[in-house]
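As a plain string of letters, each chain reads:
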Amino acid sequence: MKQNSLRLDGADKLGGESHDSQEQSARVGSCGAPLTLISRYLNVDQQQALLKEAVKYPFESPEIEVYGKRHKIPRSQAWFADINCDTFYSGLLVKALPWPKYADKLRAKLTRDFNLLSNGVLVNRYADGTESMGWHSDNEPEFAAGSDIASITLGASRDFVIRNKLTHEKFSFTLKSGDLLLMHWPMQEGWEHALPKRMKVTEARINYTFRQVTANYFGSN
Ligand SMILES: O=C(O)CCC(=O)C(=O)O
Ligand SMILES: [Fe+2]
């Protein structure tokens, strides 16, 4: 593959500034997380087609309970998946919606390029840098054991941080429009990740995470 691909066995230490991909790739030698970052995996036309489609996605910001209080999640999301591939996210059961055309094409491209199996994609929309995602691992029991998660960024650049569950060491790197981040198994076992607030960011960011879930895990429709 011609893409600018690197195995992210390291990343900028938290607090590092963003750099161009060349420099970022030079600085990612040591964190040990099973990640691969492919800068500009999607070309501008592919990004545009997805962004245009995403305007029509039925994004929602469901309420979740945190320490006994109900809050809307600080972003909006939609879950597209094969039939009976529901998921649990932020403590809520999310029913599968049918695949939109370009999201499905992107799934097929990931399968072609990386043999990535996925039967669902969670799309998150962060309206600006005030919206975020807290520390978590994508290790829900309905996720197929041993599966990788592919994350695609569109729109605003945002910092993505990872934290080792044992050592609590943190690393940060910037995800830009068109970038692909592959979180290989067993990333979710050993590491958490988060998308922190960045108050200076005024543009929206859309993120697709392609996942493989066990069909009918929560019963059939
Ligand atoms: O927006 C991102 O880059 C992270 C999304 C994420 O971690 C998730 O959907 O589980
Ligand atoms: Fe995640």
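Check the entry above for the structure.
Please read all numbers here as calculations on a predicted model, not as lab measurements.

Criteria and thresholds
- Residues numbered from 1 in each chain as written.
- Chains lettered and ligands numbered in written order.
- Predicted model: local features only at pLDDT ≥ 70, side-chain atom pairs only at ≥ 80, totals over all residues.
- Pairing = 2+ DSSP bridges.
- Helix = DSSP H or I, 4+ residues; strand = E, 2+ residues; numbered from the N terminus.
- Core = buried A, V, L, I, M, F, W, Y, C linked by C-beta atoms within 7 Å.
- Buried ≥ 20, exposed ≤ 12 C-beta atoms within 10 Å, placed from the backbone.
- Contact = placed C-beta atoms within 7 Å.
- Expected span 1.5 Å × (residues − 1).
- Arc of directions from axis to C-beta.

Chemist: Can you help me understand the pairing of strand E4 (residues 63–66) in this one?
Modeler: Within a regular strand, the side chains alternate between the two sheet faces. Two elements, E4 and strand E5 (residues 69–72), share 4 bridges in a ladder whose sense is antiparallel. Across the sheet, the residue bridging to valine 66 is lysine 69, located in E5. Counting the residues that bridge the hairpin from E4 to E5 gives 2 residues, and of these tyrosine 67 lies at a positive phi of roughly 50°.

Chemist: Help me understand the nonpolar core in this model?
Modeler: Nonpolar side chains tend to gather and get buried jointly when the protein is soluble and globular. If you look at the biggest cluster of nonpolar residues, it comprises 38 residues, and the most contacted ones within it are Leu35, Ala150, Ile152, Leu180 and Leu181. Among all residues touching isoleucine 152, those that are not within four sequence positions of it are Leu42, Leu106, Leu180, Asn207 and Tyr208.

Chemist: Can you walk me through helix H3 (residues 101–114) in this structure?
Modeler: Residue pairs spaced three or four apart in an α-helix point in one direction, given the helix's 3.6 residues per turn. Under the 1.5 Å per step criterion, the end-to-end length of H3 is 20 Å for 14 residues, consistent within 8% with the ideal 20 Å. Those residues of H3 that fall on the buried side of the exposure criterion are Leu106, Arg107 and Leu110. What you see down the axis of H3 is that its buried residues fit within an arc of 105°, all on one side. Turned more than 90 degrees from where H3 packs its buried face, Lys101, Ala108 and Arg112 sit exposed. Contact partners of the buried residues in H3: helix H2 (44–54), strand E9 (120–126), strand E11 (149–155) and strand E16 (205–211). Two residues or fewer after H3 comes asparagine 115, characterised by a positive phi angle close to 55°.

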